Amino acid sequence: MPLNGLHFLTIPPSRDVAEHGFPPKVRDWFATHFGVPTLGQRHAWPTILDRNHLLLSAPTGSGKTLAAFLPILCQIANTPRSGLQCLYVAPLKALCRDACVNLRRTWRSMQAAGCHPDVRLRIGLRTGDTSQRVRHRQRTNPPAILLTTPESLAQMLAHQPSFDVLRTLRWVVVDEIHAMLGNKRGADLVLSLERLPADVQRIGLSATCTPLATVAEYLVGDRPCTVAQVADRSEKHLVVEPMCENLDDGPGWLGTLVERLDPELAPDRTTIIFTNTRNLAERLTWALRRRYPERQDAIGVHHSAIAPARRRVVERHLKHGRLWVVVSSTSLELGIDIGSVDRVIFVHPPGGVARLLQRVGRSGHRPEEPRRGLLLTASASELIEAAVTASSGRDGQIETARMIDRPLDVLCQQLIGMAMTGVWRPADAFAMVQRAAPYRGLSLREFEDCLDYLSGRRSDGADWIPARLRWERDRFTIADERTARLLRRNLGTILTEDACIVRLRTASEDDAPAVGEIDLAYADNLQAGDRFMLDGRCLELKERASAEMLVEEVFGRPVAPRWPGLGVPMPAELARRICLFRIEAAEWLRDGEAALGAWLEQEFHLSADAAGALGRHLQLQETVSEVPPLDALLIETVALSACVECYVHTPLPRSANEAIARVLLRRWKRIGINLNLLAVNLGIYLIAHTERPIDVATWRAGFDPDGFADDLQASLEDSDLLRQHFAAAAQTGLMLLRNPAGRKRNVGGKHWAERRLFDHVCEAAPDFVLLRQAERDLLAGPCDLATAHAYVQHLRSLPIRLRHLAEPSPLGWDLTGNGFSFNQQALS
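Residues numbered from 1 in each chain as written. Predicted model: local features only at pLDDT ≥ 70, side-chain atom pairs only at ≥ 80, totals over all residues. Heavy atoms only, no water.

Overview of the overall build of the protein chain
Heads up, the rule is: In this text, helices come from DSSP runs of H or I with a minimum length of four residues, and strands from runs of E with a minimum of two, each type numbered from the N-terminal end. Here's how the labels work: a residue is buried when its accessible area is under 20% of the maximum for its type, exposed when over 50%, partly exposed in between, all with a 1.4 Å probe on protein chains only. Counted as positive: Lys and Arg. Counted as negative: Asp and Glu, with His and the chain ends omitted from the count. Note on charges: their place is set at NZ of Lys, CZ of Arg, CG of Asp or CD of Glu.
For the protein chain, the count of helices and strands is 32 helices and 27 strands. Across its three principal axes, the protein chain shows a C-alpha extent of roughly 85 × 70 × 65 Å. Residues counted as buried form 57% of the 828 residues belonging to the protein chain. Distance from the positive charge centre (100 side chains) to the negative charge centre (99 side chains) of the protein chain: 7 Å.

Now the structure itself:
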């Protein structure tokens, strides 16, 4: 039924309707190669042929790409026109390459079957890896279909010859749309879509997203849209298993993990192992290659720090079934066609239900084929998280997708791109921007602040910095062609880390291919002869020059590099479900371990060993303290000689706990209590440097919702976090250029934006638009003000329960960041 311009398809169309509009030879070709159309294809084809915007949500392997492209291919062939007809946009270069190969293969197969024999259809690919020669040919002789990324699309729109190529577009297909909905890449993309011809038909594809109304709004703005959802009816065999060792940096755990993996690695199938960090992906790949030297060429590693050429080799070998095991962090989550994968193994819980389904969807990559996943957990807290995540995944309880809210640094970048190919009246530009769903709430003042900054003015009208724009009466355009060339090289919202490129010395002196990159701070501590791990290999440093190093592969025991990052954020819905699970499990435990075990086996499919480990963990918690309730705030304290250790149990993810911790730090400092704090998922661990007990009144004052937002913002004013977020906003907003002269370097040295530019901006223009954006990014991300403030508001009506313990409880120990291991539990 129509809802805010949306039409949800609920009745499966008949096969006759699905084939409407296709020539007989196309029908025969499809029947020969695929048989009966999938439900997603039967929904999509009539909608696309009727020129309606479409959002198709369907499981991995259900033929979404062909659902979008078969009617497009036929219409291009039936009504041939010159120029670019269809644009495909995906968040990964690898996904674009994969789709391009599959689309070309499909077209060749159709022509071999006699479909449209007289039509010559060219399919092109444009990403950051595309050469200038190929780009020039695409401008002068455009393909009918072009596959690209959001960044390359923005660059095309900011270059007049490329922009002109886009004027003939009839369709745009956005794949893996859920991966861009909540981030700045997504905001950049939908602003780019608004600059395409107004009659372009938009088609969005996704495997895992909810609510669909939000995703459709993101895709089309306020235009009408048809929404088709195909339920994932495939069986999900998700096994949760506790490891007998704690998965930290201890000496024995990696060997134990490899031994545990041995029976899971089928000799004639491919297994993908997902870790949550690049560091662990490297270490595990290294260990597997040592354990199976005869198969080391069939064991690959794939993550964002591996060189693109190496990643492409892994993707190609994976697709053709040449790899036995691939270890990845996050880079193989999305819908690359990876051939036959029997099982996905998780080392640590994935951190969210959508992420679980996305990763386990890499197995059984065909309609209705079972998805098989094994979740290995390192501690009792991980076992609980994995059990809840797997149960939610089986029930399809995906976290709510949230659209990013009007990022102003992205808007600044887009305004510059618009100015490179036209002269704009502010009112027209403002109206166009507001048509994009993330910017529907954009105020005129915010828009004008962006124009003031880009024009080199402060908000008070005083000249301040070099202008990116110039004005012709009441219209703006780019300052000059030199500025356009300079800024065009810096478009994009992906902010790369400060990295040192690692090149491998070969027999040829002229050839030193890139292996990957490591963190620059880590590289600065290396000396010639030091050995480290990359691409699952032991590399020895031979030479270092600026941001590159030359290495040789050697035998030995290397150290895995550490890359910066905060880890996988836990969604708020999952955090609350974990709290509810612990409370319900404790209730069952009161009826005995057998009752708890039966419930865990029946409702969560846990084995007897897993249920026993979980039961002992909760029983010990109940013995020394209690399972944290939702109708009270449990705070456990352990008094030491000169301080008090406190364990604050909340139903919140780390980002919200970080906000509460910073407010506590600021407020208690006023009354003479100094703190050391660690905010994690489900609570805060703090050390109060005081010899006297902290009473409930002091805790109440610390959690007081009145003035909470002001105290949080004050605590962040000169923090490293705000400086880092400002540096990121300054790069995205093109105040600070990543490539100022066509090559990567840091203006003013490493971290100059955090050290010098931040202080200058705070002094000269404290209300500067990019500084405000940095604060918004911080308060919506690492320090989640909205969630934290809602909780302390709710806490006002809840009791605070203080428990003074002789030693930390199991759940308290989890808050220290170490995790309560199964070995510790056995010794208790």
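On we go.
Observations concerning the packing of helix H24 (residues 654-670) against helix H30 (residues 785-795)
The packing of two helices is summarised by the inter-axis angle and the distance between the axes. Put simply, the test is: For helices, the axis comes from a line fit to the C-alpha atoms of the stretch in contact; other axes are also lines fit to C-alpha atoms, and the angle between any two N-to-C directions lies between 0 and 180 degrees. Roughly parallel means an angle under 35 degrees; roughly antiparallel means over 145; roughly perpendicular covers 65 to 115; every other angle is labelled oblique. Handedness of a helix crossing follows the sense of rotation of the near helix relative to the far helix, less than a right angle counterclockwise being left-handed and clockwise being right-handed. Any two residues whose heavy atoms approach within 4.5 Å are treated as being in contact. Throughout this entry, Asp, Glu, Lys and Arg are counted as charged residues, while Ala, Val, Leu, Ile, Met, Phe, Trp, Tyr, Cys and Pro are counted as nonpolar. The remaining residues, Gly among them, count as polar.
Taken N-terminus to C-terminus, the directions of H24 and H30 make an angle of 65°; their axes are 8 Å apart at the nearest point. On the basis of their axis angle, the class for H24 and H30 is roughly perpendicular. As H24 packs across H30, the resulting crossing turns out to be right-handed. On H30, the residues that touch Ala 656, Ala 659 and Ile 660 of H24 are Thr 787, Ala 788, Tyr 791 and Val 792. Looking at the contact of H24 with H30, its residues break down into six nonpolar, one polar and no charged.

Remarks on the packing of aromatic side chains
The criterion, for reference: When two rings of Phe, Tyr or Trp (its six-membered ring) have centres within 6.5 Å they constitute a pair, described as stacked for plane angles under 30 degrees, edge-to-face for angles over 60, and tilted for the intermediate range.
Per the counting criterion, the structure on display carries 20 aromatic pairs. Between Phe 581 and Trp 599, the ring centres sit 5.7 Å apart and the planes meet at 25°, which makes this aromatic pair stacked. You can see Phe 581 sitting in helix H21 (residues 572-589) and its partner Trp 599 sitting in helix H22 (residues 593-604), a full 18 residues away along the chain. Judged by its relative accessible area of 3%, Phe 581 is buried. Residue class for Trp 599 comes out buried when judged on its relative accessible area of 8%.

Observations regarding helix H23 (residues 608-624)
Working note: α-helix, 3.6 residues per turn, so residues spaced by three or four point in the same direction. Defined as follows: The span one expects for a helix is its residue count, reduced by one, times 1.5 Å.
When the terminal C-alpha atoms of H23 are compared, their 24 Å separation across 17 residues agrees well with the 24 Å that a helix rising 1.5 Å per residue should span. When H23 is considered as a whole, its buried residues turn out to be Ala 610, Ala 611, Ala 613, Leu 614, Gly 615, His 617, Leu 618 and Gln 621.

A few points about the pairing of strand E9 (residues 225-229)
Put simply, the test is: Strands are labelled as partners when DSSP assigns at least two bridges between them.
Here E9 lies mainly inside the structure; four of its five residues are buried. Sheet analysis places strand E2 (residues 6-9) next to E9, joined by four bridges and oriented parallel. In the sheet register, Phe 8 faces E9, and the bridge partner there is Val 227. Looking at chain direction, strand E3 (residues 54-57) and E9 are connected through four bridges and run parallel. Note on E9: the bridge partner recorded for Ser 57 is Gln 229.

A few points about the packing of helix H15 (residues 380-394) against H21
The N-to-C vectors of H15 and H21 enclose an angle of 110°; their axes lie 10 Å apart at closest approach. When the axes of H15 and H21 are compared, the pair comes out roughly perpendicular. In contact with Ile 384, Glu 385, Val 388, Thr 389 and Ser 392 of H15, H21 contributes Leu 574, Arg 577, Ile 578, Phe 581 and Arg 582. Its residues assigned to classes, the contact of H15 with H21 shows five nonpolar, two polar and three charged.

Comments concerning the nonpolar core
Selection rule: To qualify as a nonpolar core, a set must consist of buried Ala, Val, Leu, Ile, Met, Phe, Trp, Tyr and Cys residues joined through side-chain atoms within 4.5 Å.
By size, the foremost hydrophobic cluster in this structure holds 120 residues, and its most contacted members are Leu 686, Trp 699, Phe 703, Phe 726, Met 735 and Phe 768. Tallying contributions element by element places helix H16 (residues 408-420) first for this core, with nine residues. Those residues in contact with Phe 768 that sit more than four places away from it in its chain are Tyr 453, Trp 464, Phe 726, Met 735 and Val 761.

Side note on the sheet that holds strand E24 (residues 644-649)
Pairing between the strands of a sheet is mediated by backbone hydrogen bonds and can be parallel or antiparallel. Reading across from one edge, E25-E26-E24-E23-E27 is the order of the five strands in this open sheet, with mixed pairing throughout. The outermost strands of the open sheet, each flanked by one partner alone, are strand E25 (675-680) and strand E27 (800-805). Averaged over all pairs of adjacent strands, the angle between their axes in this sheet comes to 15°, without regard to strand direction. Contacting E25 and strand E26 (683-688), H24 crosses the sheet at an angle of about 165° to E25.

Points about the pairing of E26
Of all six residues making up E26, six are buried, and the element is well covered by its neighbours. Residue alternation in E26 divides its side chains into two sets, Gly 683, Tyr 685 and Ile 687 and Ile 684, Leu 686 and Ala 688, and both sets are buried. Both E24 and E26 contribute to a ladder of six bridges, which runs antiparallel. Within E26, the residue paired with Val 648 across the bridge is Ile 684. Across six bridges, E25 lies against E26 in antiparallel orientation. For Leu 675, the partnering residue across the bridge sits in E26 and is Ala 688.

Section: empty space enclosed by the protein
Spelled out, the test is: A cavity, in this analysis, means grid points on a 1 Å lattice covering only the protein atoms where a 1.4 Å probe fits yet has no way out; a pocket is instead an open set bounded by protein on both sides within 12 Å along at least five of seven lines, and a residue lines either one if it has an atom within 4 Å of a point. Grid points are joined across faces, edges and corners, and a volume is the space filled by probe spheres set on the points.
Summed over the entire model, instances satisfying the criterion amount to four cavities of 30 Å³ or more. What lines the largest cavity is Asp 449, Asp 452, Tyr 453, Arg 457, Arg 458, Ser 459, Trp 464, Ala 765, Asp 767, Phe 768, Val 769 and Arg 772. Counting residues per element, the ones that place at least two in the lining of the largest cavity are helix H18 (444-454) and helix H29 (769-780). Counting residues per element, the lining of the largest cavity draws most heavily on H18, which supplies three residues. Partitioning the lining of the largest cavity into residue classes produces five nonpolar, one polar and six charged. Approximately 60 Å³ is the volume found for the second largest cavity. Lining the second largest cavity we find Leu 84, Arg 126, Arg 135, Gln 138, Arg 139, Pro 143, Leu 146, Met 156, Ser 162 and Val 165.

Structural notes on the confidence of the model for the protein chain
To be explicit about the condition: The quantity known as pLDDT measures the predictor's confidence residue by residue, on a range of 0 to 100.
On average, residues of the protein chain score 89 in pLDDT, and 92% of them are at 70 or above. Highest mean pLDDT in the protein chain belongs to strand E7 (residues 171-174) (98); lowest belongs to helix H32 (residues 822-827) (36). Contacts for the low-pLDDT stretch residues 245-250, under 50 throughout, to residues beyond four places or in other chains number 17 contacts. Confidence drops under a pLDDT of 50 for residues 820-828, and excluding neighbours within four residues, the segment shows 29 contacts in the predicted structure.

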